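# Chain and residue survey
So the chains spell out like this:
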Amino acid sequence: MALPLSVRFAWRDLRGGLKGFRIFLACLTLGVTAIAGVGSLGSAIRAGIDNNARNLLGADVEVRLSSRAATADQVTWMADNSQALSLVRNLRTMARVPDGGSQTLVELKAVATSGAAAYPLYGQVTLDPPMPLAAALADQNGLKGAVAEPALLARLGVKVGDKLDLGKIQVVLRAVLVTEPDRVSGTFALGPRLMINNQTLDAAGLIQQGSLVRHKYRMRLAPEADLELWRKKIDTAWPDTAWRIGDVKTAQPSVKRFVDRLGLFLTLVGLTALIIGGVGVGNAVQAYLAGRTETIATLKCLGAEGAMIFRIYLIEIGLLAVLGIAGGLVLGAALPMIALGVLEGQLPVAADISVYPVPLVRAAAFGVLTAFAFALWPLARAREVPAAGLFRDIIGGECRWPPLRDILLLAISAALLILLALTSGDNARLAQWFIGASVASLLAFWILARGLIMLLARLPRPRKPGLRLALSNLVRPGAPTAGVVISMGAGLTVLVTIALIEGNLNRQVQSRIPDRAPSFFFIDIQPDQVPLFDATVAAIEGGELVQRVPMLRGRVAMIKGESADTFPAEKDGGWFAHNELAFSYMAEMPTKTVLTDGVWWPKDYQGPPLISLGAHVGENLNIKVDDTVTFNILGRKMQARVANLRKIDWTTMQLNFSVVFAPGALEGAPQVHIATVSAPKAHETALQKALSKALPNVSAIRVGDVLDTVTAMFDRISSAIRASAAVTVIAGILVLAGALAAGHSRRVYDSVILKVLGATRRDVARAYLIEYALLGGSTALLATLVGTIAAWTVMTFFMAGEWVFLPLAAGLTAGGGIILTIALGFIGTWRALGQKAATVLRHV
Amino acid sequence: MDMASVSGETLVDLQDLHLTLDSGAGAVNILRGVDLQITRGETLGVVGPSGSGKSTMLAVTAGLERPSSGHVNVAGKDLGLLNEDQLALFRRKHVGIVFQSFHLIPTMTAHENVAVPLELAGDPDAFERARESLADVGLSDRLTHYPTQLSGGEQQRVALARAFVGEPDLILADEPTGNLDSETGAAIIDLMFGIRRDLTLMLITHDDQVATRCDRVVRMADGKLEPTALGQTPAADVSLAAS
């Protein structure tokens, strides 16, 4: 019986309209939209990957080898154990317009085109003009065919039918490559795609010992084949082979990881919006209930118990929360459709648009818990409204503390919210940091608000009436000071943090690197080509060989006597134990090398193998000086002792290796050289042409192009970050507006009384200006401090980058916050000042 | 202890009530030893200057405020033994309150406002009885009006209907005419005294004329009760604070 009655009372109360709940609804809807939208988008992309896993991998199972082909026995084994085996080879090389025309680095892909092994095993290649791929790539009239992405045609200024020099041969462009089923866009590509067949690649003479070629043996298995069984079979047949095996179940792990990471980051941003919104929810509920104090007291006088009061308003807030959350879910579910229109072509794979229940349920849970956690305190306080106040007309004022039960309930809902945040992504560490930082920031702003109020209350009252009024407005009971400080502070902190991180990254990418960066990287220099390479560089005016080092590839087999497979791949440093690595060897320690432990070997060292290891690897995998690491280099196992640990600064654009061997171990192994060369801008093209003519197999990578690619990727990520940060700022503005609006009627009353007593509008306006400037200024100061700490933490611990405080970025953001507070506050005040005194006083 | 000479059942029994509140400026003694008995069917007027403790005594009698010391027994219930929720149930059953500022619930119609106490008590005929109660105060035609659509006098009549609708044992009225002009105020008092014959009432007022309508009148000064010559029964019959 009791519940329907509270529902009836709640419904009657809500009939008056949702006026007091606009900010409540806006905050909740915004936060839920952000979380649901981000989750739905992530699910759509993941589903896109899963549904197209076969096409994206181009096979049921793929065996990958770098810089070397599988042996004949291995190829036979693979052919015997599949329905079809198709070889795809990728490498970076130069494509040139014949007769000294322009040239560019291309991502070359050589494919099989005959019979059951024809590329692609899954999916379709589309060409323009339409024709079969095999025909486009075939030899016709003595000319080998090729197809290329539109970007290549644009870059070299060629069209279909034109010829290109490729290594030792010429190819003719027969068509434009429109779709490539296994291409993951947006990944790190230094040049446009050029596709030829495997015979053409062999004829071009581009593959030499140690060349950076990726061999992909793609297989189609019988539909009923058991992938795990197949993997076990290949592991048994070829136990110690340093290849990587991918299958449809593990397709595109890097893209998935990227989507997961970005998704987690965006979820955290959404959560920030929701938490800031939660402050707004709390403020709105408090303001709403403050307006209901008389009703609550009256109901108590008429015999309603505290529990009934609690239920009535819980139902009201619950109903509104359902409304706000439902709105957020609808908008969030629709967000991928809107976002994908904007992000067309920017995503790595085509997303599969649909309604995904899991992210929506999670967003709803976040919404419910946030609304409940932030509304509970004002609700519990409402239960304690003393009804006796009705006799004295001093409703409000002091409330008793809510009982322990309510405080426990609050703690439980906060704990559930934290638990949900912790279990929402795969990066618990980031989530922990986030939660810790959020709680600490909210606490810091709460303490600041209390401290500010206490400090201002203790200040001697100034003689100037404007200043005195401003101070009293900040410290009087029911002033919005705490709400404004917390809401604006949290929003501004996010902004300052992002501005500083972005500024630091920009600084590293754009201003710092070009001073030190060389003009070119050259890869695939054969040992016997070294003298010619060096001479060609020296012959160009201003050409300078910055660094040239030998390079070999291999994998780690054992670390400190334990198999590398026992190190988890997903942990920091896991790549070292699981990926193929590039090594070098050198006698002398390069200049500016910083050893963190151990010593460099003597120049003429000729003992058992020693290595110098990157300090970050040592730290992540707990490898110390004198520990042993066993490498598998082209099938040969070699155990080496760690001689020293070395700090590596990857941003210098120097040739750096995580593993550098001492002389004596690797000189005899097949290897290539890589080099960095600098040249004056005016001679860069001449240098590139001279080298590609003398050494057609050597590929040049323009550092400028790499930087452009990195910058473009960075820009894409930072616009995503900025867009999501905007959500938190909107939440902050909503809360700020709500907090200020809550005090509006009070402000109208104050300004009318002041006007009655003879104050001009200017006097009143000045007082409010001082009030908002004080409020905005102190909040911005703390937000800058907290934001700087957060940005420093992220840069230092998560991005391992160099940190510099950027006063302009922080100052502009904080200054913007002050102006916003003053502006929003002033809009409200202006309306208050415009009220006619007589009208207001009649209703007082 | 002096006893009231009025025969019949004692409905309200206040014994040696003290109430001290802490304020920023120090402790304030609001009630300083109040003894008072009201028998069933008796109407009692309480007069006295502002701040003398009249409203606080009313709040204590309604179980809305707890005394620092002393005993409160109303309708056979020792209010000191009841917790917050039990006090709410006690009010629901035994007490009707009329305020100076009406305190109608602004989001409810006149009809709903009057029905609230019955709804809280789980009365299935709440709205029918509320309609009758509004008819008793002459507001049959104002059922669907919200408080803001009613005049001050009409609002107070709705408040009267609300206080009486549950047929409580005791009506507590705190300056019910304080916010009304004299003519409307007089009409309200007429209504209040006319609704029920067996009315037990504690009426706080500043208006001696209104007070004289009561069976008995006491004066509150400085947190204590003292006799007054007002009222329809001899002042000597009033039980007074001894301390």
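This one's a predicted model, so the numbers in the text were calculated from it and none came from an experiment.

Conventions adopted
- All residue numbers refer to positions counted from 1 along the written sequence of the respective chain.
- Naming scheme: in the order in which they are written, chains are lettered from A and ligands are numbered from 1.
- pLDDT decides what is reported in this predicted model: residues at 70 or higher carry local features, side-chain atom pairs at 80 or more are listed and counted, and totals for whole chains, interfaces and linings draw on all residues regardless.
- Here a helix means four or more residues in a row that DSSP labels H or I, a strand means two or more in a row labelled E, and each is numbered from the N terminus.
- With C-beta atoms placed from the backbone, a residue counts as buried when 20 or more other C-beta atoms lie within 10 Å of its own, as exposed when 12 or fewer do, and as partly exposed for counts between those limits.
- By the convention adopted here, residues are in contact when the distance between their C-beta atoms, placed from the backbone, does not exceed 7 Å.
- Each nonpolar core consists of buried Ala, Val, Leu, Ile, Met, Phe, Trp, Tyr and Cys residues. Their C-beta atoms, within 7 Å, join them into a set.
- Segmentation of the chain into domains, including their bounds, is taken from an automatic or database domain assignment.
- Strands were regarded as paired on the criterion that DSSP finds at least two bridges between them.
- A fitted line through C-alpha atoms serves as each axis, taken over the contacting stretch for helices, and the angle formed by two N-to-C directions is quoted from 0 to 180°.
- The scheme is simple: roughly parallel for angles under 35 degrees, roughly antiparallel for over 145, roughly perpendicular for 65 to 115, oblique for anything else.
- It is the rotation of the near helix from the far one that decides the hand of a crossing: anticlockwise by less than a right angle makes it left-handed, clockwise makes it right-handed.
- The quantity called pLDDT is the predictor's confidence in a given residue, expressed from 0 to 100.
- Working rule for helices: expected span equals 1.5 Å times residues minus one.

Okay, the overall build of chain B next. Across its full length, chain B holds 7 helices and 10 strands. The burial tally for chain B puts 48% of its 243 residues in the buried class. The contacts of chain B with a sequence gap of at least 6 include a subset with a gap of at least 24, amounting to 69%.

On to the overall build of chain A, then. Summing up its helical and strand segments, chain A has 25 helices and 22 strands in all. A burial count over chain A gives 43% of its 844 residues as buried.

Quick look at the environment of Leu201(B) now. All names here are of chain B. Here Leu-201 lies in strand S8 (residues 201-204). A count of 22 C-beta atoms within 10 Å places Leu-201 in the buried class. For Leu-201 and Arg-131, which are 70 residues apart along the polypeptide, the C-alpha to C-alpha distance reads 23 Å. Not counting residues up to four positions away in its chain, the partners in contact with Leu-201 are Thr-43, Leu-44, Ile-171 and Ala-173.

Moving on, we come to the nonpolar core. All names here are of chain A. Counting 208 residues, the largest nonpolar core has Phe-24 and Cys-27 as its most contacted members. Looking at this core, the element that brings in the most residues is helix H2 (residues 22-51), giving 16 residues. Each of two domains, domain 1 (1-59 + 255-426) and domain 3 (441-519 + 702-844), supplies a minimum of three residues to this core. Ranked by size, the runner-up nonpolar core spans 82 residues in total, among them Val-125, Leu-552, Phe-631 and Leu-645.

So, on to the sheet that holds S8(B). Residue and element names in this part refer to chain B. If you walk across this open sheet you meet the 6 strands as S6-S7-S8-S3-S9-S10, and the pairing is mixed. The sheet is open, and its two borders are formed by strand S6 (95-98) and strand S10 (224-227), each paired with just one other strand. Taking each pair of neighbouring strands and ignoring which way they run, the sheet shows an average axis angle of 25 degrees. As judged from the 4 bridges shared by strand S3 (residues 43-47) and S8, these two strands associate in the parallel manner. Directly across from Thr-43, in S8, lies its bridge partner Leu-201.

All names here are of chain B. As judged from the 4 bridges shared by strand S9 (residues 216-221) and S10, these two strands associate in the antiparallel manner. By the bridge assignment for S10, Val-218 is matched with Pro-227. What sits between S9 and S10 in their antiparallel hairpin is a turn of 2 residues, with Asp-222 showing a positive phi close to 55 degrees.

Moving on to the packing of helix H12 (residues 357-383) of chain A against helix H13 (residues 404-422) of chain A. Residues and elements named next belong to chain A. The N-to-C vectors of H12 and H13 enclose an angle of 160 degrees; their axes lie 9 Å apart at closest approach. In terms of their interaxial angle, H12 and H13 are classed as roughly antiparallel. Judged by the twist between their axes, the crossing of H12 over H13 is left-handed. Mapping the contact onto sequence places Ala-365, Phe-366, Leu-369, Thr-370, Phe-372, Ala-373, Leu-376, Trp-377 and Ala-380 in H12 and Asp-406, Leu-409, Leu-410, Ser-413, Ala-414, Leu-416, Leu-417 and Leu-420 in H13.

Here the focus is the confidence of the model for chain A. For chain A, per-residue confidence averages 82 on the pLDDT scale, and residues scoring 70 or more make up 90% of the total. Of the regions scoring below 50 in pLDDT, residues 393-397 of chain A engages in 9 contacts with residues more than four places distant in sequence or in other chains.

What follows covers helix H22 (residues 744-756) of chain A. Counting along an α-helix, one turn takes 3.6 residues, and residues three or four places apart therefore face a common direction. Residues and elements named next belong to chain A. Helix length check: H22 (13 residues) gives 18 Å between terminal C-alpha atoms against 18 Å at 1.5 Å per residue, within 8%. Within the sequence span of H22, burial applies to Arg-747, Asp-750, Ser-751 and Val-752. Gly-758, located one to two residues past H22, shows a positive phi value of around 105 degrees.

All names here are of chain A. Looking at the element boundaries, Arg-193 is found in strand S9 (residues 193-197). The exposure class assigned to Arg-193 is partly exposed, which follows from the 19 C-beta atoms found within 10 Å. In this structure the C-alpha to C-alpha distance between Arg-193 and Asn-90, which are 103 residues apart in sequence, comes to 9.9 Å. Discounting residues that sit within four places of it in the chain, Arg-193 has contacts with Glu-107, Lys-109, Ala-148, Glu-149, Leu-177 and Glu-180.

Okay, unusual backbone geometry next. Residue Pro120(A) follows Tyr119(A) across a cis peptide bond; omega there is -10 degrees. Tracing the backbone through its elements, the reader meets Pro120(A) in the loop between strand S3 (103-111) and strand S4 (126-128). A cis amide bond links Asp128(A) with the next residue in sequence, Pro129(A), at an omega value of 0 degrees. You can see Pro129(A) is positioned in the loop between S4 and helix H5 (133-137). Although it is not a glycine, Glu167(B) sits at a positive phi angle of roughly 50 degrees. Take Glu167(B): it is sitting in the loop between helix H5 (152-164) and strand S7 (170-174). In this structure, Glu175(B) is a non-glycine residue whose phi angle is positive, near 45 degrees. Turning to its location among the elements, Glu175(B) is positioned in the loop between S7 and helix H6 (182-195). Classification of Glu175(B) as buried rests on a count of 23 C-beta atoms within 10 Å.

Residues and elements named next belong to chain B. Per-chain confidence: chain B averages 86 in pLDDT, with 90% of residues scoring 70 or above. pLDDT under 50 marks residues 1-6. Its contacts with residues more than four places away, or in other chains, come to 12 contacts. In this model residues 233-243 is a low-confidence stretch, pLDDT under 50, and it forms 30 contacts with partners more than four residues away in sequence or in other chains. Both scores are available for the predicted complex, with the pTM at 0.72 and the ipTM at 0.83.

In this section: the packing of helix H3 (residues 110-120) of chain B against helix H4 (residues 126-136) of chain B. Residue and element names in this part refer to chain B. Look at H3 against H4: their axes get within 8 Å of each other, and the N-to-C directions meet at 125 degrees. Regarding the angle of H3 to H4, the classification is oblique. As H3 runs across H4, the sense of the crossing is right-handed. Where H3 approaches H4, its residues Ala-110, His-111, Val-114, Ala-115, Leu-118 and Glu-119 are matched on the opposing element by Ala-126, Phe-127, Arg-129, Ala-130, Arg-131, Ser-133 and Leu-134.

Before going further, it helps to examine H5(B). Residues and elements named next belong to chain B. Counted at 1.5 Å a residue, the expected span for H5 with its 13 residues is 18 Å, and the 18 Å between its end C-alpha atoms agrees. Of all 13 residues that make up H5, 10 are buried, and the element is covered over most of its length. Among all positions of H5, only Gln-155, Gln-156, Arg-157, Val-158, Ala-159, Leu-160, Ala-161, Arg-162, Ala-163 and Phe-164 are buried. Of the surrounding secondary structure, the elements contacted by the buried residues of H5 are S6, H3, H4, S7 and H6.

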